[in-house]
Amino acid sequence: MTSNIMWCRRPFLSLKKVTSRKYSSSLGNDPICELASSTLRYGASSTSEVGHDLAYMNAKRILLFVDPHLASLNPFDTVVSSIEKHAPAGHKLDIYDKIRVEPNNDSFKHAIKFTVEKTNNQGPYDVIIALGGGSTIDTAKAANLYTCYPPEDFYDYVNPPLGKGLPVPGPITPLIAIPTTSGTGSETTGVAIFDDVPTKSKTGIAHRRLKPTLGIVDPNNMKSMPSSVAKYSGIDVLCHALESYTAVPYTARPSGRPASPILRPAYQGSNPISDIWSLHALRECSQYLPRIVSDPAEDVEARAKMCLAASTAGMGFGNAGVHLCHGMSYAVASQVKKYWVDDYPKSLNSDVENGHGLVPHGLSVVINAPSVFRFTGNLDKSDPLQQYAADRHVECAMILANARLQRRGYTGQEFPSQRAMQERPGDALANELLELMHELDIPIGIRSLGYSEADVEELAKGTLPQHRVTKLSPRQPVDLEELTNLFNEALDM
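No experiment lies behind these values; they were computed from the predicted model shown.

1. With respect to the confidence of the model for the protein chain
Model confidence for the protein chain is summarised by a mean pLDDT of 90, while 91% of its residues fall at 70 or above. The model gives residues 1-27 a pLDDT under 50, and that stretch makes 58 contacts with residues more than four places away or in other chains.

Laid out in structure tokens, this is it:
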């Protein structure tokens, strides 16, 4: 492990039939896909083992990123106790707890400054631990990268077109991610998302080297989740699964085959490896999400199923990508003015004083989803690529419908006709999502968040920079006109 410590010191249609010339690059379509993911440890009380990992790594300089609301709760006590008992003698633990819910460029910079100053004054860290939801884990990823390889400009690593999208130059400090929500799957991915305040949009940093070295997925850490947090983090899992499974196939990805495997994008398009994880997450989420929302503290089975589904969805979309639901969500979340959800603390976000609200990430994603899937699923089936996408929309709709009817105790006679779903695949999937949103009491339509027709143009413009995900939509082109139409439809559904 010595080298690690030194790092910072310096069934439906065959894929063969969906290759389309209009998606080709000069290097041709990419026949190769790959899986990159963190090591995952799963199980109740697994958090208590983190000190043993530090001992194995001989990690004496430790930095813990933690959601401040966890500082008085059991997950924090468990981590600190394990470090005290098992970390090497003479270890030093620093704590950073200024985590912003839905981080932005300023909150990232604050965390980076803290980490850089500590490193300059006391030496580099041997390991970083992130305890919290996706906001905490993503903040730790950014601080880790920018401390190890300080760029000339903050936007050098940020995804184009807002940034240069420069690759991570080399290995970074080992990161152990311990999620406390069943949502982002950030413990498995090389992605860190933030609001870009100057452009009123959401963007991120994406590279395989950002992946945590280890993700510790402990259902006990989700006991303290409020119901609304369970709801919106869980619905994000569902959308990760749906979008990654319905994304353009990797063989038809617009960028084509890279000149080197090092240049293959993290978001490759739907592929046979990611499909396994995405479908697992979709099936588990469609069954257990309503249960965890109903009783996150006491429904032990639902907590266990949902926290693992979050990680498997992360393994799916972390390699396949997401598309328009997430692409549109970034503008919705970054441009909201007054909307706020109960159980999301205002004390963590100074924006509330500046007339800026907060839309939980999962809500900002799913509220666009019915509009998106009507667009991506109702296609010209004479085109093999579009038939492939339509079939996948039907498959997802059938999974959701089956879970819905099982929850309601209906017999198989009431099961929707697959033939009817195949007539309008996008409508079928959109309708099943709306059924679930009504069941979970999720707002319908972005008008409920305070948006109106007057905001649609800015929302569409705020989505245009999200090329990394919009280009993975199975239906193209996705230009300003199409985005405007999608947001207009998303106002009321």
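2. Let's talk about the sheet that holds strand 1 (residues 39-42)
Across the sheet, which stays open at both edges, the six strands sit in the order 1-8-5-4-2-3 with parallel pairing between neighbours. Taken across any chain shown, the strands that pair with only one partner, and hence form the sheet edges, are strand 1 and strand 3 (92-96). Between one strand axis and the next, the sheet turns through 20° on average, direction left out of account. On the sheet, helix 8 (residues 300-320) packs against strand 1 and strand 8 (214-217) and is oriented at approximately 180° with respect to strand 1.

3. Comments concerning the pattern of salt bridges
If the charged atoms of two oppositely charged side chains come close together, the side chains can form a pair. Enumeration according to the criterion identifies 26 salt bridges in this entry. Glu49 is paired through a salt bridge with Arg41; the nearest N and O atoms lie 3.5 Å apart. Relative accessible area serves as the criterion here: at 22%, Arg41 is assigned to the partly exposed category. Through salt bridges that share partners, Asp30, Glu34, Arg208, Arg253 and Arg264 make up one connected network.

4. Observations concerning the pairing of strand 3
Here strand 2 (residues 61-66) runs beside strand 3; their pairing, made up of five bridges, is parallel. Within the sheet, the bridge partner assigned to Arg61 lies in strand 3 and is Lys92. Viewed along the sheet, the connection from strand 2 through helix 3 (residues 74-86) into strand 3 turns out right-handed.

5. Observations concerning the nonpolar core
One finds Ile235, Leu238, Leu282, Leu363 and Ile446 to be the most contacted residues of the largest nonpolar core, which totals 76 residues. The element that contributes the greatest number of residues to this core is helix 6 (residues 227-246), accounting for 10 residues. Here Leu238 is in contact with Leu282, Cys285, Ser286, Leu400, Leu433 and Leu436, once residues within four sequence places are set aside. The next biggest cluster of nonpolar side chains, apart from the first, holds 31 residues, and it includes Phe108, Phe114, Ala140 and Leu145.

6. Brief notes about the packing of aromatic side chains
Counting across every chain of the model gives eight aromatic pairs. Taking 5.3 Å as the distance between ring centres and 55° as the angle between the ring planes, the aromatic pair formed by Phe65 and Tyr96 counts as tilted. With Phe65 in strand 2 and Tyr96 in strand 3, the pair connects residues that are 31 residues apart, well separated along the chain. In this structure, Phe65 and Tyr96 share a single accessibility class: buried. Both rings, one in Tyr146 and one in Tyr157, keep their centres 5.3 Å apart while their planes meet at 85°; by these two values the pair is edge-to-face. On the criterion of sequence distance, the pair formed by Tyr146 in helix 5 (residues 134-148) and Tyr157 in the loop between helix 5 and strand 5 (175-179) is long-range, its members being 11 residues apart. Assessed through its relative accessible area of 4%, Tyr146 is described here as buried. The exposure class of Tyr157 is buried, given its relative accessible area of 7%.

7. Comments concerning the layout of surface pockets
If you add up the space inside the largest pocket, you get close to 850 Å³. Along the wall of the largest pocket there are 48 residues; nearest its centre are Gly133, Gly134, Ser135, Thr181 and Tyr344. Of all the secondary structure elements, the ones that give two or more residues to the lining of the largest pocket are helix 5, strand 6 (191-196), helix 6, helix 9 (324-335) and helix 10 (361-366). Approximately 730 Å³ is the volume found for the second largest pocket. Here the lining of the second largest pocket is composed, by residue class, of 13 nonpolar, five polar and six charged.

8. Description of empty space enclosed by the protein
By volume, the largest cavity is sized at about 90 Å³. Taken together, 13 residues make up the lining of the largest cavity; nearest its centre are Asn159, Thr203, Pro465, Gln466 and Arg468. The set of elements that each furnish at least two residues to the lining of the largest cavity consists of strand 7 (201-206) and helix 16 (467-470). Sort the elements by how many residues they give to the lining of the largest cavity and helix 16 lands first, with three residues. Tallied by class, residues from the lining of the largest cavity come to seven nonpolar, five polar and one charged.

9. Some words on the pairing of strand 8
Here is the key point about a regular strand: its side chains alternate between the two faces of the sheet. Side chains Leu214 and Ile216 project from strand 8 onto one buried face, and the interleaved Gly215 and Val217 project onto a second face that is buried too. Pairing geometry for strand 1 and strand 8, over four bridges, is parallel. Paired with Arg41 across the strands is Ile216, a residue of strand 8.

10. Notes on the environment of Pro179
Looking at where Pro179 falls in the secondary structure, it is placed in strand 5. Accessibility expressed as a relative area gives 3% for Pro179, which makes it buried. Note: C-alpha distance between Pro179 and Val365 (186 residues apart in sequence) is 20 Å. Aside from chain neighbours lying at most four places away, what touches Pro179 is Gly132, Ile137, Glu187, Ile216, Val217, Asn221 and Met222.

11. Quick look at helix 17 (residues 480-491)
With 12 residues, helix 17 should cover 16 Å at 1.5 Å per step; its first-to-last C-alpha distance of 17 Å lies within 8% of that length. Every buried residue of helix 17 is listed here: Leu483, Leu486, Phe487, Ala490 and Leu491. Down the axis of helix 17, the buried set is contained in an arc of 145°. They therefore lie on one face. The elements touched by buried residues of helix 17 are helix 9, helix 11 (369-377) and helix 15 (456-463).

12. Thoughts on the packing of helix 6 against helix 9
Put simply, helix 6 and helix 9 touch, their axes get as near as 9 Å, and they point 135° apart. Between helix 6 and helix 9, the angle falls in the class oblique. Residues Asp236, Cys239, His240 and Glu243 of helix 6 lie in contact with helix 9, whose contacting residues are Leu324, Cys325 and His326. Here the contact of helix 6 with helix 9 is composed, by residue class, of three nonpolar, two polar and two charged.

13. Here we look at the packing of helix 6 against helix 8
In the contact formed by helix 6 and helix 8, the axes pass within 9 Å of each other and the chain directions differ by 35°. As for the relative orientation of helix 6 and helix 8, their crossing is left-handed in sense. Mapping the contact onto sequence places Gly234, Val237, His240 and Ser244 in helix 6 and Met306, Ala309, Ala310, Ala313, Gly316, Phe317 and Ala320 in helix 8. Tallied by class, the residues present in the contact of helix 6 with helix 8 amount to seven nonpolar, four polar and no charged.

Cut-offs applied
Residues numbered from 1 in each chain as written. Predicted model: local features only at pLDDT ≥ 70, side-chain atom pairs only at ≥ 80, totals over all residues. Heavy atoms only, no water. pLDDT = per-residue confidence, 0-100. Contact = heavy atoms within 4.5 Å. Pairing = 2+ DSSP bridges. Helix = DSSP H or I, 4+ residues; strand = E, 2+ residues; numbered from the N terminus. Axes fitted to C-alpha atoms, helices over the stretch in contact; angles between N-to-C directions. Salt bridge = Lys/Arg side-chain N within 4 Å of Asp/Glu carboxyl O. Buried < 20%, exposed > 50% of the residue type's maximum accessible area, 1.4 Å probe, protein only. Right-handed = clockwise from strand over helix to strand, strands pointing away. Core = buried A, V, L, I, M, F, W, Y, C linked by side-chain atoms within 4.5 Å. Phe/Tyr/Trp six-rings, centres within 6.5 Å; stacked < 30°, edge-to-face > 60°. 1 Å grid on protein atoms, 1.4 Å probe; cavity = no way out; pocket = protein on both sides within 12 Å on 5 of 7 lines; lining within 4 Å. Points joined across faces, edges and corners; volume = space filled by probe spheres on them. Nonpolar A, V, L, I, M, F, W, Y, C, P; charged D, E, K, R; others polar. Expected span 1.5 Å × (residues − 1). Arc of directions from axis to C-beta. Parallel < 35°, antiparallel > 145°, perpendicular 65-115°, else oblique. Left-handed = near helix turned anticlockwise from the far one by under 90°.

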